[in-house]
Amino acid sequence: MIFITAKFRVRPEYADQWPEITAEFTTATRQEPGCLWFDWSRSVEDPTEYVLVEAFRDDEAGAAHVQSEHFRKAQQTLPPHLAETPRIVNTTVPQDDWSLLGEMSVSGQE
């Protein structure tokens, strides 16, 4: 799978509205056949920073994502709300779901 983590620093005046600002893009991306997950989290240390964790089935699904109409639209509508260019880590991982963190195993879970 293609595993991507991106940090978005949002302008302070838009920080609380970021989930609504990205809602259409998020919903459309989650509906892509090759999208495994597309999840936003807000930093507990910096209220203007959001982290996006996303995964796509393979290179074809990743390419379809960046070529989609909703991605092109997001390229136009999201940057005016940002304080800086997002930072990204993008890699291919030889799995298709989350693995269990064995070092913090919960009794009774397999």
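What this report covers is the structure whose coordinates are included nearby.

Criteria and cut-off values
- Residues numbered from 1 in each chain as written.
- Predicted model: local features only at pLDDT ≥ 70, side-chain atom pairs only at ≥ 80, totals over all residues.
- Heavy atoms only, no water.
- Pairing = 2+ DSSP bridges.
- Helix = DSSP H or I, 4+ residues; strand = E, 2+ residues; numbered from the N terminus.
- Axes fitted to C-alpha atoms, helices over the stretch in contact; angles between N-to-C directions.
- Contact = heavy atoms within 4.5 Å.

What follows covers the sheet that holds strand β3 (residues 49-56). One open sheet accounts for four strands, arranged β2-β3-β1-β4; its pairing is antiparallel. Pairing within the sheet leaves two strands with one partner each, and these edge strands are β2 (35-42) and β4 (87-92). Neighbour-to-neighbour, the strand axes of this sheet turn through a mean angle of 10°, independent of strand direction. In this sheet, β4 lies alongside strand β1 (residues 2-9) in antiparallel orientation, the contact comprising six bridges. Residue pairing for β4: Ile 4 is matched across the bridge by Asn 90. Across the sheet, helix α2 (residues 23-30) is in contact with β2 and β3; its angle to β2 comes to roughly 155°. Helix-sheet contacts for helix α3 (residues 59-66) involve β1, β2 and β3, and the interaxial angle to β3 is about 130°.

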